[in-house]
Amino acid sequence: MTVKVTDSTLPSEVQDGITLVDFWAPWCGPCKMLGPVLEELEAEFAPRIKIAKLNIDENNITASQLGIMSIPTMVLYKDGQPVEKIVGYQPKEVLKEYLTEKVTIK
C-alpha cells in the first residue's frame, strides 16, 4: 500500500533504501491518472522500492525546498537524499523501466 507522507514524516519514510515520492494534489488531473500506475508499480517492486505520496496542498514545505513548480512530480530518494526528479505524468512502462534500472544499479 502506498504510504501517505507529510512534511514532518517524509524524512523518516525515505531514510532507508530507495523511495519514490509522488508530489500531488487532489485537483490535479494528471496526478489522478498517475495514482493507479504507482499502485501497480508498488505491488511489482515492493519491498525493493517504497512508493509514497505527499499532498502539496496540505504539505508545501518540502515541495518548496525541492523547487517543485508543477505536479505531478516524483522525487527518487536514496537513503534519505533526493537524487532525481521526474516531472509530469509518465506511462507505467516508462516508470517501470526507470525503476528497474534504479533497483539494479543500487
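Residues numbered from 1 in each chain as written. Predicted model: local features only at pLDDT ≥ 70, side-chain atom pairs only at ≥ 80, totals over all residues. Heavy atoms only, no water.

**Some points on the pairing of strand β5 (residues 81-87)**
- Examined bridge by bridge, strand β4 (residues 73-78) and β5 share 6 bridges and lie antiparallel to one another. Considered in β5, the bridge of tyrosine 77 is made with proline 82.
- Joining the antiparallel neighbours β4 and β5 is a turn of 2 residues, in which aspartate 79 adopts a positive phi near 50 degrees. (Pairing = 2+ DSSP bridges. Helix = DSSP H or I, 4+ residues; strand = E, 2+ residues; numbered from the N terminus.)

**Some words on the UniProt feature "site: Deprotonates C-terminal active site Cys" (unreviewed entry) in the protein chain**
- Mapped onto the present numbering, the UniProt feature "site: Deprotonates C-terminal active site Cys" (unreviewed entry) falls on Asp22.
- Inspection of the secondary structure puts aspartate 22 in strand β2 (residues 18-24).
- In this structure aspartate 22 comes out as buried when scored by relative accessible area, which is 0%.
- With residues up to four places along the chain from it excluded, the contact list for aspartate 22 reads Leu34, Leu38, Ala52, Lys53, Leu54, Pro72, Thr73 and Met74. (UniProt positions renumbered as here; feature names shortened; annotations may be inferred. Buried < 20%, exposed > 50% of the residue type's maximum accessible area, 1.4 Å probe, protein only. Contact = heavy atoms within 4.5 Å.)

**Some thoughts on the pattern of salt bridges**
- According to the stated counting rule, one finds 6 salt bridges in the structure shown.
- For the salt bridge of aspartate 22 with lysine 53, the shortest nitrogen-to-oxygen distance reads 2.8 Å. Taken as a pair, aspartate 22 in strand β2 and lysine 53 in strand β3 (residues 49-55) lie far apart in primary sequence, 31 residues in all.
- The partner of lysine 92 in a salt bridge is glutamate 44, and the shortest N-O contact between them spans 2.8 Å. (Salt bridge = Lys/Arg side-chain N within 4 Å of Asp/Glu carboxyl O.)

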